[in-house]
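Reading the structure
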Amino acid sequence: MNSYLDIAPEVAEALAAGKPVVALESTIISHGMPYPQNVETALNVEQVIRDHGAVPATIAIIGGRLKAGLSADEIEYFGKKGMAITKASRRDLPVLVARKEDGACTVTTTMMIAHMAGISIFATGGIGGVHRGAETTMDISADLEELGQTPVMVICAGAKSILDLGLTLEYLETKGVPVIGYGTETLPAFYTRTSEFGADYRLDTPTELAAAFHAQREMGLKGGMLVTNPIPEKYSMDPAVINAAIDEAVEECKAQGIHGKATTPFLLARIQELTGGDSLDSNIQLVYNNAALAAETACELAKM
Ligand code: PSU
Ligand code: MN
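From a predicted model like this one, the values you see are computed outputs, not experimental measurements.

What follows deals with helix α10 (residues 206-218). Here α10 contains 13 residues, and its C-alpha end-to-end distance of 18 Å stays within 8% of the 18 Å for a straight helix at 1.5 Å per residue. Where α10 is concerned, the buried positions are P206, L209, A210, F213 and Q216. Buried residues of α10, viewed axially, fall in a sector of 125°; they line one side. Considering only its buried residues, α10 is in contact with β8 (153-156), β9 (179-182), β10 (201-203), β11 (225-228) and α13 (278-302). Looking one or two residues past α10, G220 carries a phi angle of roughly 70°, positive in sign.

Applying the stated criterion to the full structure yields two aromatic pairs. Relative to F78, the ring of Y77 lies with its centre 5.8 Å away and its plane at 80°, an arrangement referred to as edge-to-face. Judged by its relative accessible area of 0%, F78 is buried. Seen in terms of ring centroids, F190 and Y191 are 4.8 Å apart; in terms of plane orientation they differ by 75°. Their pairing is edge-to-face. With relative accessibility at 1%, the residue F190 sits in the buried group.

As a further point, take the layout of surface pockets. Counted as a void, the largest pocket has a volume near 640 Å³. For the largest pocket, the lining is made up of 36 residues, of which K87, T106, S141, D143 and T264 are closest to its centre. The element best represented in the lining of the largest pocket is helix α12 (residues 263-274), accounting for four residues. Tallied by class, residues from the lining of the largest pocket come to 11 nonpolar, 17 polar and eight charged. For the second largest pocket, the calculated volume is near 320 Å³. The wall of the second largest pocket is formed by 15 residues, among which R132, T137, K254, I258 and T263 lie closest to the centre. For the lining of the second largest pocket, the elements supplying multiple residues, two or more each, are α11 (239-255) and α12. Counting residues per element, the lining of the second largest pocket draws most heavily on α11, at three residues. Looking at side-chain class alone, the lining of the second largest pocket contains six nonpolar, six polar and three charged residues.

How each quantity is defined
- Residues numbered from 1 in each chain as written.
- Chains lettered and ligands numbered in written order.
- Predicted model: local features only at pLDDT ≥ 70, side-chain atom pairs only at ≥ 80, totals over all residues.
- Heavy atoms only, no water.
- Helix = DSSP H or I, 4+ residues; strand = E, 2+ residues; numbered from the N terminus.
- Expected span 1.5 Å × (residues − 1).
- Buried < 20%, exposed > 50% of the residue type's maximum accessible area, 1.4 Å probe, protein only.
- Arc of directions from axis to C-beta.
- Contact = heavy atoms within 4.5 Å.
- Phe/Tyr/Trp six-rings, centres within 6.5 Å; stacked < 30°, edge-to-face > 60°.
- 1 Å grid on protein atoms, 1.4 Å probe; cavity = no way out; pocket = protein on both sides within 12 Å on 5 of 7 lines; lining within 4 Å.
- Points joined across faces, edges and corners; volume = space filled by probe spheres on them.
- Nonpolar A, V, L, I, M, F, W, Y, C, P; charged D, E, K, R; others polar.

What follows is the structure, given as structure tokens:
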């Protein structure tokens, strides 16, 4: 086993026994939501996974150690420190580990560490993608490259329109990543259940998701699978309201010259401010919804 990796005892026991485990990311805690809702959500999401028969493994870097499974105190620490923790993507791992520093794991590094630990399924809210204007800025999230090379299923609520959804789908197609609509033919747009874009395939049950992932893995195909699960109807937002907030946040981001890894956290925080917290409520609920589906799918996969 990787000597930089610490698997929490409960997670290690579940993996050794072939029991279902679901990975969770830590950037959503430190950079995706404000304190204290971030900590409350992170603890609740672990409970949702347990309630659906799987073991949660929140993933982070602490003191240079790659952690699969955090304690409640460690989650509180990440939530409180927030943006002061380094947001860790693939390129950040070597220096953070060598210097024994902390890092909040994005979708990219959560996939990497989940795979090192032997965890196949990961639930989150949204993924990074091709940003609007990427044809000149070249701002394309490392999450897409990771989906192209690491065999982990990522269950999300689609992509926010802070991204160029069409270009994000083109990139995923190039990388050979299946984009599955869960119970839907269209790509969900995070705060809303649909978008103008199609998913590659519609699958309707956790068993079907597990079977597709199992086939991909058995064939030894490189790369992950992206499952896009629409936000529950009662928490979905008015597209006019959320899109106005997103457009404004994107304009401010450009005007302030924000770029690189700061872009996504800036946009997420600004959207929450502009919508007076409504988008935060929706965000929290869709994460619970994804966690439940991930746990159910992990249970099915464990039987295959
Ligand atoms: N999108 C969201 N919520 C998030 C993120 C993205 O709707 O919390 C976080 C995830 O951790 C994701 C990361 O992996 O931001 C992408 O950052 P970047 O765009 O800098 O690659
Ligand atoms: Mn970027």
